[in-house]
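Listed here are the chains, written in short residue letters.
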Amino acid sequence: MQPIDIGKARIEKVVEIASMDLAADWLLPNIQSTDIDAEIDWMDPCCIDKVSRKLKLSFHSFVIRTPTRNILVDTCNGNHKERPSMPEWHRLNTNYLENLARLGLRPEDIDLVLCTHLHADHVGWNTRLDNGRWVPTFPRARYLMGRQEFEHYHRLHGENPAAPINRGSFADSVLPVVEAGRAVFVDAGDQVATELGTDVRLESAPGHTPGNLLVHVCHGHEHAIMSGDVIHHPIQCARPHLSNAADFNGAAALQTRLNLLESCADNSKILLTGHFAGPTAGHVVSHGSAFRFRFRT
């Protein structure tokens, strides 16, 4: 992805896994072969294997550099995490921090880590393994999390501490940050400009999780939106009813997805999702009664 400048803010991508092939009905359980038949021609090869028809996802973070802050949005899977229920994420050993360094940033340079939601593939690098303990990877950073989101999973963890909440990531990638005193909990509508910088704001986007957030970077008519997992794959632009297996509330997730697509359609807003591979950033365009996605070049 090429850097995106919004006013005095710059957005860049930090890759953990550039592309992972997943069975379409694993990612989107209500997908039909006819859905793929109808949409395969317009989708970029970086998003679908046109022979196996598997869907391709990327796992990446976004860095927002403002004049006063370096903000890291979502932190992928992390290294050395025990994820036996998801073999593709189990005990990874990626060069994520080296990719961050290629942008000229050390962990100590990150001022804020912003979690759009608390699923395992969005919080993993919140912590790193240090002498057998999980400690915050970004030692100077404050970690912003939705209060509703945290309280939901904290309640589940309290009811059954042995259960691997969010595939175990709540215990190894969220609680250590809280226990280290680095977490800041925010509510929908909170004024957090002093934390984020004046061109960055949050918006509630419920459905995929109880407290999912959008991240807006705005300046005048320039506008980029980091949508987390409101949309996982470009086929959902054309077929918004296709729901992700991990959606907490499918009806709310669909409404949030439709609202986002309608907001971005046929204008200059740049959409940056949590999992679109390849160029990642792009624009939503109307197509009949639905939408398509065009990568930004």
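Conventions and cut-offs
Within each chain, residues carry numbers counting from 1 in the order of the written sequence. The predicted origin of the model limits local features to residues at a pLDDT of at least 70 and limits the giving and counting of side-chain atom pairs to 80 or more, whereas totals for whole chains, interfaces and linings rest on all residues. Side-chain numbers here rest on the full set of heavy atoms in the structure, without hydrogens or water. What counts as a helix is a DSSP run of H or I of at least four residues, what counts as a strand is a run of E of at least two, and both are numbered from the N terminus. For this measure, only C-alpha atoms enter the radius of gyration; the expected value for a globule follows 2.2 Å times N^0.38, where N is the number of residues. A simple rule labels every residue: compare its accessible area, found with a 1.4 Å probe on the protein chains alone, to the largest value its type can have, and call it buried under 20%, exposed over 50%, or partly exposed in between. Whether two residues are in contact is decided by their heavy atoms: any pair within 4.5 Å suffices. A positive count includes Lys and Arg, and a negative count includes Asp and Glu. His and the chain ends are not counted in either. Working definition for charges: the position is that of NZ of Lys, CZ of Arg, CG of Asp or CD of Glu. Paired strands, as defined in this entry, are two strands with at least two bridges between them according to DSSP. Each Phe, Tyr or Trp ring (for Trp, its six-membered ring) is paired with any other whose centre lies within 6.5 Å, and the angle between the two planes then decides the class: stacked below 30 degrees, edge-to-face above 60, tilted in between.

Visitor: Whenever I open this one, the overall build of the protein chain confuses me. Can you help?
Guide: Helices and strands together make up the secondary structure of the protein chain, namely nine helices and 15 strands. Relative to the compact-globule value of 19 Å for 297 residues, the protein chain shows a C-alpha radius of gyration of 18 Å, a close match. Taking the principal axes of the C-alpha coordinates as reference, the protein chain spans close to 50 × 45 × 35 Å. In the protein chain, which comprises 297 residues, the proportion classed as buried is 56%. In the protein chain, once contacts between residues fewer than 6 apart in sequence are set aside, the share between residues at least 24 apart is 67%. Considering the protein chain, the positive charge centre built from 29 side chains and the negative charge centre built from 35 side chains are found 4 Å apart.

Visitor: Could you clarify how one ought to interpret the pairing of strand β15 (residues 290-295) in this entry?
Guide: Consecutive residues of a regular strand have side chains that alternate between opposite faces of the sheet. Both strand β14 (residues 282-287) and β15 contribute to a ladder of six bridges, which runs antiparallel. Residue pairing across strands places valine 285 opposite arginine 292, the latter belonging to β15. Hairpin remark: β14 followed by β15, antiparallel, with two residues in the connecting loop; positive phi at glycine 288, about 65°.

Visitor: How do you make sense of the packing of aromatic side chains when you look at a structure like this?
Guide: Here a ring pair, both rings aromatic, is described through the centre-centre distance and the interplanar angle of the planes. By the definition in use, this model includes six aromatic pairs. Aromatic side chains phenylalanine 150 and phenylalanine 185 sit 4.6 Å apart centroid to centroid with 35° between the ring planes, which places their arrangement in the tilted category. Pair noted here: phenylalanine 150 is in helix α5 (residues 147-159) and phenylalanine 185 is in strand β9 (residues 183-186), with a separation of 35 residues, a long-range link. Overall, phenylalanine 150 belongs to the buried group, its relative accessible area being 9%. Residue phenylalanine 185 is classed as partly exposed on the basis of its relative accessible area of 23%.

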